Amino acid sequence: MPYYSGFLLAVPSANKTAYKDMAEKVWPIFKDHGCLGMVETWGVDVPDGKVTSFPMAVKKEEDETVVFSWMVWPDKATADAGFQKMMEDERMKDMPEKMPFDGKRMMWGGFEPIVSVGQPA
């Protein structure tokens, strides 16, 4: 059964290109460690909420944009092993020392599908 790693974060809007470049650079590492696909999305219609919202969840600041991303893995075991191997991969040393976002406000989790229609899982 496929397994999804999901991410939600706020990125300074001025860092859009740096974030995109970083995501494109890290993709081959994830792929080599079993990831089947990766999607990075840049918020264009992410309203503020009164009780909850994506912007509230990441404590979005005025000059930031919400990013919603996910990775598809064949299963949870492959994802767990892939993340561990990725952190040990020598190519990770080529990543920027300073990330183009505040990692303390990033949230992530792992998910198994319960309904998947319209697109392959």
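Cut-off values and rules
Residues numbered from 1 in each chain as written. Predicted model: local features only at pLDDT ≥ 70, side-chain atom pairs only at ≥ 80, totals over all residues. Heavy atoms only, no water. Helix = DSSP H or I, 4+ residues; strand = E, 2+ residues; numbered from the N terminus. Rg over C-alpha atoms; globule rule 2.2 N^0.38 Å. Buried < 20%, exposed > 50% of the residue type's maximum accessible area, 1.4 Å probe, protein only. Contact = heavy atoms within 4.5 Å. Areas by Shrake-Rupley, 256 points an atom, 1.4 Å probe, with all protein chains shown as cover. Lys, Arg positive; Asp, Glu negative; His and termini not counted. Charge placed at Lys NZ, Arg CZ, Asp CG, Glu CD. Patch = residues over 30% accessible without salt bridge, like charges linked within 9 Å, V, L, I, M, F, W, Y side chains within 5 Å. Salt bridge = Lys/Arg side-chain N within 4 Å of Asp/Glu carboxyl O. Expected span 1.5 Å × (residues − 1). Arc of directions from axis to C-beta. Polar contact = N/O pair within 3.5 Å; in protein donor to acceptor, adjacent residues only side chain to side chain.

## Quick look at the overall build of the chain
Working step 1: Per the secondary structure count, the chain includes 3 helices and 4 strands.
Working step 2: In the chain, the succession of helices and strands from N to C terminus is β-α-β-α-β-α-β.
Working step 3: Taking 2.2 N^0.38 as the reference for a compact globule, 121 residues should give roughly 14 Å; the C-alpha atoms of the chain span a radius of gyration of 15 Å, in line with that estimate.
Working step 4: Taken over the C-alpha atoms alone, the chain extends approximately 40 × 35 × 20 Å along its principal axes.
Working step 5: Sorting the 121 residues of the chain into buried and exposed places 31% on the buried side.
Working step 6: Of the contacts made within the chain by residues no fewer than 6 positions apart, 84% connect residues no fewer than 24 positions apart.
Working step 7: Looking at the chain as shown, the accessible area adds up to about 8,200 Å², and 58% of this sits on carbon and sulfur atoms.
Working step 8: The distance from the centre of the 14 positive side-chain charges to the centre of the 19 negative ones in the chain is 1 Å.

## Points about a nonpolar patch on the surface
Working step 1: Residues I114, V115 and V117 make up a contiguous nonpolar surface patch of about 400 Å² in total accessible area.
Working step 2: Mapped onto the secondary structure, V117 falls in the segment after β4 (107-111).

## What to know about helix α3 (residues 76-88)
Working step 1: An ideal rise of 1.5 Å per residue puts 18 Å on 13 residues; α3 measures up with 19 Å between its terminal C-alpha atoms.
Working step 2: Three or more residues of α3 are buried, namely A79, G82 and M86. Here the buried residues of α3 occupy an arc of 65 degrees about the axis, which is enough to place them on one side. The outward face of α3, more than 90 degrees from its buried face, is lined by the exposed residues A77, M87 and E88.
Working step 3: Those residues of α3 that are buried lie in contact with β1 (3-12), α1 (16-32) and β3 (64-73).
Working step 4: For α3, the capping residue at the N-terminal end is D75, with a side-chain oxygen 3.3 Å from the backbone nitrogen of A77.

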